[in-house]
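Listed below are the residues making up each chain.
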Amino acid sequence: MPKQKSSAQGVALLVFVNVCWGLSFIFSKTALAEGMPVMTLAFVRYLITAALMVPLCLRREGSLQLGKHWKRGLVSAMLGATVYYYFEYSGLARTTASAASLIIALVPMMTLLCRVLVQRERVSPLRWALVALSLAGVWLVIRADMQDAGSLAGNLFMIGACLCWTGYLMVMPPLVASCSSLRVTTWQSVAAAVTLLPFSLAERGQWVPLSPVAWLCVFLLAAVCSALCYLLYNAAMREVDALTVALSININPITACVAGALLLGESLTLVQLAGGALILLSVLADAALGARAGENGA
């Protein structure tokens, strides 16, 4: 089995993207705190993203078509945007950006479980122990909010978001291998905007005026965290092995926790910090095992 390699450029792209996505928790929390409905925020985000991406894609590639891969493109848009942001924004509306980002760190372990169930990958007892450790960490993050029904519901919504992103990672490799990252990103943004529109219209009775700061956050979500970051993320998938891509998401909670404390005045309990540490420890240990297995199989 050939050893998978990750280019320095690909890893650098992943670091940049995941720092931005960590900040996206803060941007989203700001807009939601001013009363912007969850699906409306997602729709406006992708409407702006599509408006930015479509002209660029048409100019450079002449078409948005994905050909025979359009079904996979639609599934990726549903998992990575439409359904994902229903769970994430519903969660962020009920819990802190810091706790939400820590739960998202569960994605690498969920990805490993999917590889076991779907791709029949064999996993050692030690890696199963690390999965259990990661789940224990998530339990500690959630447990701190057990007495607060709203925060508990928010944390459970974030687990739903983790499941969606895991599915997104599973369906994306064949897509980015056959189509340019620009075309894939543009197609996804259009599909996301179209599928989110009915849900946004259903919330029109909840629409409220927003401050300039909130609108700036929405624009940053669209222009940077969606348009630019998805473009770079899809490009990085061509150069970086799947495990590294999944692991890179753990830059999110570090960024979000620091930004949440500095910008939103959020804080985490010692139990939640311990849970976050367990999640990150399990993921780093699993990365070390995966790297060792790759070297032995090279």
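Residues numbered from 1 in each chain as written. Predicted model: local features only at pLDDT ≥ 70, side-chain atom pairs only at ≥ 80, totals over all residues. Heavy atoms only, no water.

Draft legend 1. Structural context of empty space enclosed by the protein. In the structure shown here, the tally under the stated rule is two cavities of 30 Å³ or more. In this structure, the largest cavity encloses a volume near 120 Å³. What lines the largest cavity is Trp-21, Ser-24, Phe-25, Arg-45, Tyr-84, Tyr-85, Glu-88, Ile-104, Trp-165, Tyr-230, Ile-249 and Asn-252. Secondary structure elements with two or more residues in the lining of the largest cavity: helix H1 (8-33) and helix H3 (70-92). Here the residues of the lining of the largest cavity sort into eight nonpolar, two polar and two charged. Looking at the second largest cavity, it is lined by 13 residues, and the ones nearest its centre are Tyr-46, Ala-81, Gln-188, Ser-189 and Tyr-230. Residues belonging to the lining of the second largest cavity are distributed by class as follows: six nonpolar, seven polar and no charged. (1 Å grid on protein atoms, 1.4 Å probe; cavity = no way out; pocket = protein on both sides within 12 Å on 5 of 7 lines; lining within 4 Å. Points joined across faces, edges and corners; volume = space filled by probe spheres on them. Helix = DSSP H or I, 4+ residues; strand = E, 2+ residues; numbered from the N terminus. Nonpolar A, V, L, I, M, F, W, Y, C, P; charged D, E, K, R; others polar.)

Draft legend 2. Broad picture of the packing of aromatic side chains. All chains considered together, the criterion is met by 15 aromatic pairs. Aromatic side chains Phe-87 and Phe-157 sit 6.2 Å apart centroid to centroid with 50 degrees between the ring planes, which places their arrangement in the tilted category. Here the residue Phe-87 occupies a position in helix H3, and Phe-157 occupies one in helix H7 (residues 149-178), the gap between them amounting to 70 residues. (Phe/Tyr/Trp six-rings, centres within 6.5 Å; stacked < 30°, edge-to-face > 60°.)

Draft legend 3. Structural detail: helix H4 (residues 97-104). Counting buried positions over the eight residues of H4 gives eight, a clear majority of the element. Those residues of H4 that fall on the buried side of the exposure criterion are Ala-97, Ser-98, Ala-99, Ala-100, Ser-101, Leu-102, Ile-103 and Ile-104. (Buried < 20%, exposed > 50% of the residue type's maximum accessible area, 1.4 Å probe, protein only.)

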